[in-house]
Number of protein chains: 2
Amino acid sequence: MMVAETLEQAAGKRERAGRSARREQRSHGAEGLGRPYILRNIPTYDILSEENLIRIETTADRILAEIGIEFRDDPVALDLWKRAGADVTGLLVKFEPGMLREILKTAPAEFVQHARNPAKSVLIGGKSVVFSPAYGSPFVMDLDRGRRYGTIEDFRNFVKLAQSSPWLHHSGGTICEPVDVPVNKRHLDMVHAHIKYSDRPFMGSVTTESRAEDSIDMARIVFGRDFVDRNCVILGNVNVNSPLVWDGTMTLALRAYARANQAAVVVPFILGGAMGPVTNAGAIAQSLAETMVGCALTQLERPGAPVIFGNFLSSMSLRSGSPTFGTPEPAIGSMVIGQLARRLNLPLRCSGNFTTSKLPDAQAMNEGTMSMLAAVHCGANFILHSAGFLDGLLSMSYEKFVMDADFCGALHSYLDGVKIDDNQLALDAFREVGPGSHFFGCAHTMANYQTAFWDTEIADNEPFEKWQAAGSRDAALRANQRWKKMLAEYQAPPLDEAVDEALLDFIDRKKAGMADAWY
Amino acid sequence: MMVAETLEQAAGKRERAGRSARREQRSHGAEGLGRPYILRNIPTYDILSEENLIRIETTADRILAEIGIEFRDDPVALDLWKRAGADVTGLLVKFEPGMLREILKTAPAEFVQHARNPAKSVLIGGKSVVFSPAYGSPFVMDLDRGRRYGTIEDFRNFVKLAQSSPWLHHSGGTICEPVDVPVNKRHLDMVHAHIKYSDRPFMGSVTTESRAEDSIDMARIVFGRDFVDRNCVILGNVNVNSPLVWDGTMTLALRAYARANQAAVVVPFILGGAMGPVTNAGAIAQSLAETMVGCALTQLERPGAPVIFGNFLSSMSLRSGSPTFGTPEPAIGSMVIGQLARRLNLPLRCSGNFTTSKLPDAQAMNEGTMSMLAAVHCGANFILHSAGFLDGLLSMSYEKFVMDADFCGALHSYLDGVKIDDNQLALDAFREVGPGSHFFGCAHTMANYQTAFWDTEIADNEPFEKWQAAGSRDAALRANQRWKKMLAEYQAPPLDEAVDEALLDFIDRKKAGMADAWY
């Protein structure tokens, strides 16, 4: 807690510094710095009563006690549960009500994920909000080339774009799959890209235990073995095999992160009607049950290890059976999940700009904005998929990435809320201006206008004629120009050459020991 | 109150009927009925503490007591204030703290606006949410013809589109300006279009006292003079000439509506930095002050007359000085305004899908969704500009209209919140399915899937290949097809021929007595 508190103080200073940088930026029209993360100044939006929250918790407890969770291909996990007092029969584990809550008491309510640039370390938990890019799509797309499989060059481009945006706080993980690199070697190039092209915090591989360990070993090269043992420097995003199954691939990776004192993000992916019940309340109860089990397992592996309570709720089209994203039911579900996570005193992960649209169009931003605002309102501390998500996570979009990042900027102002003090209440301005005049040049306006309003880089609010004269471009075309400009102007953050050489040497040795695997 | 309560009961029945209609609709894939209005099942989002709300109220009180409001060109209004005990000096009126709150006690907390089809009457106040189209743009636009001045044909088209959407509840007012009709005769054709092509509630003219009275007289032809004297059947949207001025055009119209026991919607339009201070808290305090004065004036004219507490906050581009819409500061401002309106126990109007975009693109729906969710979260009962708003209210967009209406549909599900009961919690489904299986065909899914998820008419959530095979259309192109289909399939609601003849006769007589005025 000490570290977090110190960082929070430092963050306060940085935030103030960040604000003067924003002022600087606005008055000069140039790009400046954001903040390393947001400390929210608006309350969470709590939609369910205590009574109804307890009904959901009781349902989760009954699922865990009466039906149980299967653990496949990880005998050590079964053993850990047995020793913790769970009822283990074959692969099936059942939990007495209250048992997991007791185990979860050792998990920190908040922790710092350190960045290689200390000014960019993030607090995860409490009032913090951290925006991280989308994760896991096999395709990338842009308006010029359409949809295509992602490559390591695309991956690096997105790391650079994230690094260049003042409104994202995290470099993310598998921003897109670099399908031109063998499956068993990708993680090495991805982690290296995060370290080399960004100085923000990042995520490692979870697809096998050894890839998780390689990711952590690379972090050790950057931060030092002792520092990594004492501090969180890398996250691993671990999915439940819903419903009610944890498979060994995931629990081995989860335990590898916990063992190294690094944070697993525990995420059931529940498409209502498929991997969970079609009713929202049931899907939420299931999500709670599955997440509690995963989070508790990290504490059995290493009590006190940081862990993030995650969720990924989604709905379904009644006509086609396709998954849908950015719809009202999962948005409402996120709000409930937020309340449940706070009752467990755990940091919360939600998902950001969800959509099924194939293009960075009106649908994409309608669904994305609904979904992102739910994540922000529900109190999520770590918001994955904050930028770039398209086509139900199948595509990472260059244009949507910069649109979403711009929206993340707007959310910095939104999360600041309303400030109430004499200057903001402006009674003197009313005295100065009086009835029937205007505030354009008054002293109060001149003293405050530079920091008064969020200033977008994507939206066009010029008069129609001026917009028309500039080419009648829509938001997607403007975004297309913007990401190209950002890539052209990208500047790599300094990285100690010896560190980079050690990383490359590690990668070479690892790759040399493996035959290429393509699936 | 009696009428409202009876209607609320009736609404409950209708809502249940509406739900089975939705089920019907979903299972048949056809268009069915929505509900006459929404009764929210999620709480309002209260972002400020009582202490800070009081600081804003105190600032509003001091603006009113120390600076005052000017009343221009309406000596009767000045006389009403004098008799109510305000301090009147020339045109300037100052109000002792507490005076307006006392006067406002006669205003109803909720009331029914009757539709000519009683099944479509709406409750305004309390937990009700009513979606109404955008209001007041001189231009219309669609993808085929681009931007052009609105005509009476466009006006009628939008009335028909609103009537055809199950997700809007109100026919609106000046949906677009019909610039092919003389300025002094437009209101007659607009009110007639609302009555003839829609059977939902609507708004009348406010641009002069006589046009307000004509609008109310036309409502009297439809509903009967006695009914209109006892019930609200028409709204008038009245703007403050901010800062701190009420001009006679507006107060005369406002008083005409109140005198007839019809509801004025009292709306300061404050662009921060222009008609109000550049700081949010000050603009909110001003909005509160100006709205309280307008609402109180209706009670001086006729105690007990229905009235709606409105607001229209907007921000400004620092680079161009242009107004901006759908930005974070006004969204946060709406949340505070909602808390203030509830403390006055008055029904609240907010604005919906705001944007400065010139096209129905990603920007339009990002800004619109942010703005609409703020209106929904803040507890607004009457949401004007729910559909069609484009280009900072300069254009009414056919495509955005149907996109927004679809989003209003999603908000029906959103405002339903999470239902918590044994069926929704689905413990039996978990027993049925167990770990590692799926919920696709299980009994619980089969019993619930038809009502589980919101079903869009605009968003595409098909697989990429299917979307591509269907022509790779973006949301705007799909919306273009949709509004044409809706217009082609539009069916006029039945209207008593004698009533229509009486209306046309009234219009003819009125028009015969006027020379055309074009400005």
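Because the structure is a prediction, the values reported are computed rather than measured. (Residues numbered from 1 in each chain as written. Chains lettered and ligands numbered in written order. Predicted model: local features only at pLDDT ≥ 70, side-chain atom pairs only at ≥ 80, totals over all residues. Heavy atoms only, no water.)

Chemist: Help me out: how do you make sense of the pattern of salt bridges in this one?
Modeler: Applying the stated criterion across every chain yields a total of 71 salt bridges over all chains. With its nearest N and O atoms 2.9 Å apart, the salt bridge here joins Asp189(A) to Lys511(A). One end of the pair, Asp189(A), is in helix α6 (residues 186-197); the other, Lys511(A), is in helix α19 (residues 497-512), with 322 residues separating them in the sequence. Asp144(B) is paired through a salt bridge with Lys484(B); the nearest N and O atoms lie 2.7 Å apart. Of this pair, Asp144(B) sits in the loop between β8 (139-142) and β9 (146-149) while Lys484(B) is found in helix α18 (residues 475-489), placing the two residues 340 residues apart along the sequence. Accessibility expressed as a relative area gives 49% for Asp144(B), which makes it partly exposed. (Salt bridge = Lys/Arg side-chain N within 4 Å of Asp/Glu carboxyl O. Helix = DSSP H or I, 4+ residues; strand = E, 2+ residues; numbered from the N terminus. Buried < 20%, exposed > 50% of the residue type's maximum accessible area, 1.4 Å probe, protein only.)

Chemist: Please clarify how unusual backbone geometry should be interpreted in this entry.
Modeler: When glycine is set aside, most residues are seen to have a negative phi, and most peptide bonds are trans. Along the chain, Ser242(A) connects to Pro243(A) via a cis peptide bond; the corresponding omega equals 5°. Positionally, Pro243(A) belongs in the loop between β11 (234-240) and β12 (245-247). At Ala426(A), a residue that is not glycine, the phi angle is positive and equals roughly 65°. For Leu393(B), which is not glycine, the phi torsion reads 75° and is therefore positive. One can find Leu393(B) in the loop between β19 (389-390) and β20 (395-397).

Chemist: Is there a simple way to think about the sheet that holds strand β20 (residues 395-397) of chain A in this case?
Modeler: Across a sheet, paired strands are connected by hydrogen bonds in the backbone, their directions being either parallel or antiparallel. Residue and element names in this part refer to chain A. Pairing is mixed in the open sheet, where 4 strands are placed in the order β9-β8-β20-β19. Single-partner strands in this sheet number two, and they are β9 (146-149) and β19 (389-390). Pairing between strand β8 (residues 139-142) and β20: 3 bridges, direction parallel. Opposite Phe139, over in β20, you have Ser395 as the bridge partner. (Pairing = 2+ DSSP bridges.)

Chemist: Is there a simple way to think about the domain arrangement of chain A in this case?
Modeler: How big an interface is tends to be reported as the loss of accessible area on association of its parts. Domains assigned within chain A are domain 1 (1-34 + 420-455) and domain 2 (103-416). Placing the centre of domain 1 of chain A and that of domain 2 of chain A at their C-alpha centroids yields a distance of 32 Å. (Domains from an automatic or database assignment.)

Chemist: Even after reading the chapter, I still don't get the interface of chain A and chain B, so can you show me in this structure?
Modeler: Listed by partner, the interface residues are 119 residues for chain A and 117 residues for chain B. Roughly 9700 Å² is buried in total at the junction of chain A and chain B, and carbon and sulfur atoms are behind 68% of that figure. In terms of surface lost to chain B, no three residues of chain A exceed Tyr45(A), Leu318(A) and Phe453(A), which account for 8% of the buried area on that side. In this assembly, chain A and chain B are joined by 8 salt bridges. Here Arg431(B) makes a salt bridge to Glu66(A), at a shortest N to O gap of 2.8 Å. Taken together, the connections running from chain A to chain B amount to 36 residue pairs in polar contact (both at pLDDT 80 or more). (Contact = heavy atoms within 4.5 Å. Buried area = accessible area lost by both parts, 1.4 Å probe. Polar contact = N/O pair within 3.5 Å; in protein donor to acceptor, adjacent residues only side chain to side chain.)

Chemist: Whenever I open this one, the nonpolar core confuses me. Can you help?
Modeler: Most often, soluble globular proteins have nonpolar side chains that are buried together. Judged by nonpolar contacts, the single largest core of 328 residues is most densely connected at Trp81(A) and Trp81(B). Among residues more than four places away in sequence, those in contact with Trp81(A) are Phe71(A), Ala86(A), Val88(A), Val93(A), Phe95(A), Met99(A), Leu100(A), Ile103(A), Val293(A), Ala296(A), Leu297(A) and Leu300(A). (Core = buried A, V, L, I, M, F, W, Y, C linked by side-chain atoms within 4.5 Å.)

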